[in-house]
Amino acid sequence: MSCNALQGSPLVLQLAPAVSIVAFATWCLGPLMRLSRNLFLNKTDNSWKKSSTYHVMIYYLQPLLLWIGAMLICRSLDPMSLPSKESQAVGQRLLIFIQSLSMVLATAYCSSSLIQQAQKFFMKSNDSSDARNIGFQFASKAVYAAIWVAAVSLFMELLGFSTQKWLTAGGFGTVLLTLAGREIFTNFLSSVMIHATRPFAVNERIQTKIKDSEVSGTVERVGWWSPTIIRGDDREAVHVPNHKFTVSVVRNLSQRTHWRIKTHLAINHLDVNKINNIVADMRKVLAKNPQVEQQRLHRRVFLDYIDPENQALLILVSCFVKTPRVEEYLCVKEALLLDFLRVVSHHRARLATPIRTIQKEYSEADLVNIPFADPIVTRSRAAANHLLLQIEPSYKIIGDDKIKASTSSARQNKKKDAKIGGKRKSDLEPGSKAGAASTIVEEKDAKIKASPKS
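Summarised in this report is the structure supplied together with it.

Calculation criteria
- Residues numbered from 1 in each chain as written.
- Predicted model: local features only at pLDDT ≥ 70, side-chain atom pairs only at ≥ 80, totals over all residues.
- Heavy atoms only, no water.
- Buried < 20%, exposed > 50% of the residue type's maximum accessible area, 1.4 Å probe, protein only.
- Helix = DSSP H or I, 4+ residues; strand = E, 2+ residues; numbered from the N terminus.
- Pairing = 2+ DSSP bridges.
- Axes fitted to C-alpha atoms, helices over the stretch in contact; angles between N-to-C directions.
- Core = buried A, V, L, I, M, F, W, Y, C linked by side-chain atoms within 4.5 Å.
- Contact = heavy atoms within 4.5 Å.
- Parallel < 35°, antiparallel > 145°, perpendicular 65-115°, else oblique.
- Left-handed = near helix turned anticlockwise from the far one by under 90°.
- Nonpolar A, V, L, I, M, F, W, Y, C, P; charged D, E, K, R; others polar.
- Patch = residues over 30% accessible without salt bridge, like charges linked within 9 Å, V, L, I, M, F, W, Y side chains within 5 Å.
- Areas by Shrake-Rupley, 256 points an atom, 1.4 Å probe, with all protein chains shown as cover.
- Salt bridge = Lys/Arg side-chain N within 4 Å of Asp/Glu carboxyl O.
- Expected span 1.5 Å × (residues − 1).
- Arc of directions from axis to C-beta.
- Phe/Tyr/Trp six-rings, centres within 6.5 Å; stacked < 30°, edge-to-face > 60°.

1. With respect to the pairing of strand β3 (residues 228-232)
For β3, the buried fraction is high: four of the five residues fall into the buried class. Direction of pairing for strand β2 (residues 214-221) relative to β3: antiparallel, over a ladder of four bridges. What sits directly across from Val 219, in β3, is Ile 230. Where β2 hands over to β3, the hairpin turn is made up of six residues, counted between the paired strands. Taking the residues between adjacent antiparallel strands as the criterion, β3 and strand β4 (residues 237-240) are bridged by four residues, where Arg 235 takes a positive phi near 65 degrees.

What follows is the structure, given as structure tokens:
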């Protein structure tokens, strides 16, 4: 009779579906989902715990069914009357606590599971070293922690503890800590921002300017409370407080995608007729190099400027190398510069050299022994009788030496010819000594011939 009465009571009829849902979610949901996956999707049991079906069941369906079962159980037990008012009040409060706790736990568990799954999916789809990935990872952890902090706060409220007092005490303690260690607290907040935004990471090379001091090197450690350690070019350790990075410009040299080559080649002004061919061949050199960026960034070779000091023709060369490593960039730059020099040599052109003009005072006697340059006579008010000698570049000096050597040799030959001609004329003149000697010899011969006849 008692069993029949219990079966016919409305409380049992209301509790039966709720208990069935809780039992189904606890023991039957997993095997049913596993069997359905094997039958309809032709999957094996080896990858069951790594499948998306398993994660959906564990993180969403099972908590939701357990929460529904708990709510139905509490609703079924709500109209039940107890013998005393005190027990009735305790029972009502216990039912409200179970309802609220199940709702808080189900919501927190499902929300945190959703955030974790989104974080894993985002990390798999993108590079783990990307700054956006790292920022999203930090944000997801912060939201995850905030969800469970809120859940714990609600649970404390359900138990009868006032969380407002704890928050007030925590806020007052935060103010005291801020006043006592302002620099430490600021450094901690800056560390949080650095780990969230990730402007640089460990083993990356950065460059920044802090209080008119250039700091560059490789990041060794990014601390939370302690400063960031940067290993400089001379292998010294530089300790920089993290709040300095939030107010300074930081250049991350390790995150560059290309290295730029920008230089000028100075061609001699005497090779101006060869400039067009030289520039065209240099453009071909850049176009044929596979390490030079050809599409996204510019590639320029132009006659850019004429230097007014030495009249050099400056050719601008600007391009980008497809590498983030400085060693590869230097190798490509060296190869390109050697190719450019071969182009200049192929066209028999010359690189520009500095041209200097020197003026020095010489006397008239010193100008005879100088083998080059032309004397320029200037008569100024200060020095009216001084001679100025202009010294030209080496190539002009060598050319002038050759010309002057040829002219001096010609002048010496002319002088020798003039002397020989003068001697010959003096021999032919009757008043000269040679003429007189010849007449004396002729008179003696005439006397000798006349003496036998007499």
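So, next bit.
2. Overview of the sheet that holds strand β1 (residues 205-209)
Spatial strand order, β4-β3-β2-β1-β5: five strands in an open sheet with antiparallel pairing. Strands with a single pairing partner mark the edges of an open sheet, and in this sheet they are β4 and β5 (250-252). On average, adjacent strands in this sheet sit at an angle of 40 degrees to one another, irrespective of strand direction. As defined by bridge partners, β1 adjoins β5 across three bridges and the pair is classed as antiparallel. Paired with Thr 208 across the bridge in β5 is Val 250.

3. So, the nonpolar core
Nonpolar side chains tend toward joint burial in soluble globular proteins. In this structure, Ile 267, Ile 278, Met 282, Leu 286, Ile 315, Leu 336 and Phe 340 are the most contacted members of the largest nonpolar core, which totals 24 residues. Of all the secondary structure elements, the ones that give two or more residues to this core are β6 (259-267), α9 (275-288), β8 (313-321) and α10 (326-346). If sequence neighbours within four positions are ignored, Met 282 has contacts with Leu 265, Val 301, Ile 315, Phe 340, Val 343 and Val 344. Within the second largest apolar cluster, ten residues are counted, among which are Phe 200, Ile 210, Val 215 and Ile 230.

4. Details of the sheet that holds strand β7 (residues 300-306)
Read from one edge of the open sheet, three strands run β6-β8-β7, paired in antiparallel fashion. Where the open sheet ends on each side, the last strands, each with one partner, are β6 and β7. Direction aside, neighbouring strands of the sheet carry axes that sit 25 degrees apart on average. Direction of pairing for β6 relative to β8: antiparallel, over a ladder of nine bridges.

5. A few points about the packing of α9 against α10
Put simply, α9 and α10 touch, their axes get as near as 10 Å, and they point 150 degrees apart. As judged from the angle between their axes, α9 and α10 are roughly antiparallel. Helix-helix and strand crossings are classified by hand; for α9 and α10 the assignment is right-handed. Each of Ile 278, Asp 281, Met 282, Val 285 and Leu 286 in α9 lies in contact with α10, whose residues at this interface are Leu 336, Asp 339, Phe 340, Val 343 and Val 344. Per-class residue counts for the contact of α9 with α10 are eight nonpolar, no polar and two charged.

6. Some words on a nonpolar patch on the surface
On the surface, Leu 35, Leu 39, Phe 40 and Leu 41 cluster together into a nonpolar patch covering about 470 Å² of accessible area. Looking at where Leu 39 falls in the secondary structure, it is placed in helix α2 (residues 10-40). What makes Leu 39 exposed here is its relative accessible area of 58%.

7. Observations regarding unusual backbone geometry
At Gln 311, a position not held by glycine, the phi torsion is positive, near 60 degrees. Tracing the backbone through its elements, the reader meets Gln 311 in the loop between β7 and β8. Positive phi, normally seen in glycine, also occurs at Arg 348, with a value near 55 degrees. Looking at Arg 348, the relative accessible area reads 71%, which means it is exposed.

8. A look at α10
In an α-helix there are 3.6 residues to a turn, and that puts residues three or four apart on one side. With 21 residues, α10 extends 30 Å between its outermost C-alpha atoms, agreeing within 8% with the 30 Å of an ideal straight helix rising 1.5 Å per residue. Within the span of α10, buried status applies to Tyr 329, Val 332, Leu 336, Phe 340, Val 343 and Val 344. In a view along the axis of α10, the buried residues occupy a sector of 115 degrees, so they form one face of it. Every exposed residue of α10 that faces more than 90 degrees away from the buried side is listed here: Cys 331, Arg 342, Ser 345 and His 346. In this structure, the buried side of α10 is in contact with β6, α9 and β8. With its phi angle positive at about 55 degrees, Arg 348 sits one or two positions after the end of α10.

9. Notes on the packing of aromatic side chains
All chains considered together, the criterion is met by four aromatic pairs. Ring plane angle 40 degrees and centroid distance 6.2 Å describe the contact between Tyr 59 and Tyr 109, whose orientation is recorded as tilted. Of this pair, Tyr 59 sits in helix α3 (residues 52-77) while Tyr 109 sits in helix α4 (residues 85-125), and the two are 50 residues apart along the sequence. By relative accessible area, Tyr 109 is classed as partly exposed at 31%. Considering the side-chain rings of Trp 259 and Tyr 329, the 4.8 Å spacing of their centres and the 20 degrees angle between planes classify their relative orientation as stacked.

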